[in-house]
Amino acid sequence: MPIVLVVRRHLALVIFPTLVLLAAGIAVGAVRSPTYTAQASLIIGGSDPASPNFGGNISAAGSLATAYSRAIVATPVVDSVSSKLKVSRSIVTGGLSSAPVPDSPAFNVYANASSAHLAIAMANTANTSVLAYVNALNSASRSTQKLLASYEAASSKVSQDNSALAVAGRTPSNTRAITAARATRDRDQLILNTLGSAYSAALQANPPTTGVSVLTTASGATSDRKSTIELLGFVGLVVGALL
């Protein structure tokens, strides 16, 4: 007997399991607790569209955005969000993620949670926590720049000392002036060497960074309930059709 005739004769037996599994998939999706997602974003500081170097800044800031987006899993950030919202660290680490915006000096912070309220709170708290963490690194970098300024000033002083020593040396009989000039130069050279070592150590410990600022905050959250119902309904339809 042709298969078409078989299907027509037993149409109910073909359709019934398909409809049952379709309904079951939809029902499971409907009763499943949804996951809510909220989004906030940060932008790399100094990315001014009015700047003549904006194109170059975008490229450099884009690389920084990729690097800074990884700060979402930094221990100080996770601890800050956990403490402020009074939720476990596992909820924070499991719910937070971040990704750079393509061709942009910005990156997005995403928060997944069991309620819209918690998702929004997590996204905004993580946003400010990442900002504080990155800008703290930037503050350490500013201290490094102060050391560099001190080193440059000390280097200039040593140059002046060498000039003074050379002038004193033109009168070999004036040993007192030569000795005093050499002592001053040696003292300032020691200061210069000390500052140079301190600057090198600080540069390794705190590489130069650029700060970030808030671009957007989360004001709402989306639910995956509809997409889950559609997915499970489709799975039920396919399985039912194959039976």
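The paragraphs below set out a description of the structure included in this document.

Quick notes on the rules
Residues numbered from 1 in each chain as written. Predicted model: local features only at pLDDT ≥ 70, side-chain atom pairs only at ≥ 80, totals over all residues. Heavy atoms only, no water. Helix = DSSP H or I, 4+ residues; strand = E, 2+ residues; numbered from the N terminus. Buried < 20%, exposed > 50% of the residue type's maximum accessible area, 1.4 Å probe, protein only. Contact = heavy atoms within 4.5 Å. Areas by Shrake-Rupley, 256 points an atom, 1.4 Å probe, with all protein chains shown as cover. Pairing = 2+ DSSP bridges. Core = buried A, V, L, I, M, F, W, Y, C linked by side-chain atoms within 4.5 Å. Salt bridge = Lys/Arg side-chain N within 4 Å of Asp/Glu carboxyl O.

**Some words on the overall build of the protein chain**
When you go through the protein chain residue by residue, the secondary structure sums to eight helices and five strands. Overall, the protein chain shows an N-to-C arrangement of helices and strands of α-α-β-α-α-α-β-β-α-α-β-β-α. Sorting the 243 residues of the protein chain into buried and exposed places 29% on the buried side. Taking as baseline every contact in the protein chain between residues at least 6 positions apart, the subset at least 24 positions apart corresponds to 77%. By element, 63% of the accessible surface of the protein chain is carried by carbon and sulfur atoms, the whole surface being about 14200 Å².

**Quick notes on the pairing of strand β1 (residues 36-44)**
Inspection of the sheet shows β1 paired to strand β3 (residues 106-113) by eight bridges, in the antiparallel sense. What sits directly across from Thr37, in β3, is Asn112. Sheet topology note: the β1/strand β5 (residues 222-223) ladder contains two bridges and is antiparallel. Across the sheet, Tyr36 pairs through a bridge with Ser223, a residue of β5. Pairing geometry for β1 and strand β4 (residues 212-216), over four bridges, is antiparallel. Counted as the bridge partner of Ser41 is Thr216 from β4.

**Focus: the nonpolar core**
Core analysis: the largest hydrophobic core is formed by 28 residues, its most contacted members being Leu96, Phe107 and Val130. Those elements that provide at least two residues to this core are β1, α3 (54-69), α4 (75-85), β3 and α6 (116-169). At seven residues, the largest contribution of residues to this core is made by α6.

**Remarks on α4**
Of the positions making up α4, those classed as buried are Val77, Val78, Ser80, Val81 and Ser82. Positive phi appears at Lys86, one or two residues downstream of α4, with a value of about 55°.

**Concerning the pattern of salt bridges**
A complete count under the given rule lists five salt bridges for this structure. Arg187 is the partner of Asp188 in a salt bridge, and the nearest nitrogen-oxygen pair spans 3.1 Å. In this structure Arg187 comes out as partly exposed when scored by relative accessible area, which is 47%. Three or more residues joined by partner-sharing salt bridges are found here, namely Lys157, Asp161, Arg187 and Asp188.

**Quick look at unusual backbone geometry**
Look at Lys86: it is not a glycine, yet its phi comes out positive at around 55°. In this structure, Lys86 sits in the loop between α4 and α5 (89-95). A positive phi angle is found at Asp103, which is not glycine, with a value near 55°. With respect to the secondary-structure elements, Asp103 resides in the loop between β2 (96-100) and β3. Using a relative accessible area of 78% as the deciding quantity, one classes Asp103 as exposed.

**Examining the environment of Ala116**
Note on placement: Ala116 falls in helix α6. Separated by 79 residues in the primary sequence, Ala116 and Thr37 have C-alpha atoms spaced 7.2 Å apart. Filtering out sequence-adjacent residues up to four positions away, Ala116 remains in contact with Tyr36 and Ala221.

**Quick word on the environment of Val158**
Of note, Val158 is situated in helix α6. The class of Val158 is buried, set by a relative accessible area of 5%. With 34 residues separating them along the chain, Val158 and Leu192 place their C-alpha atoms 7.7 Å apart.

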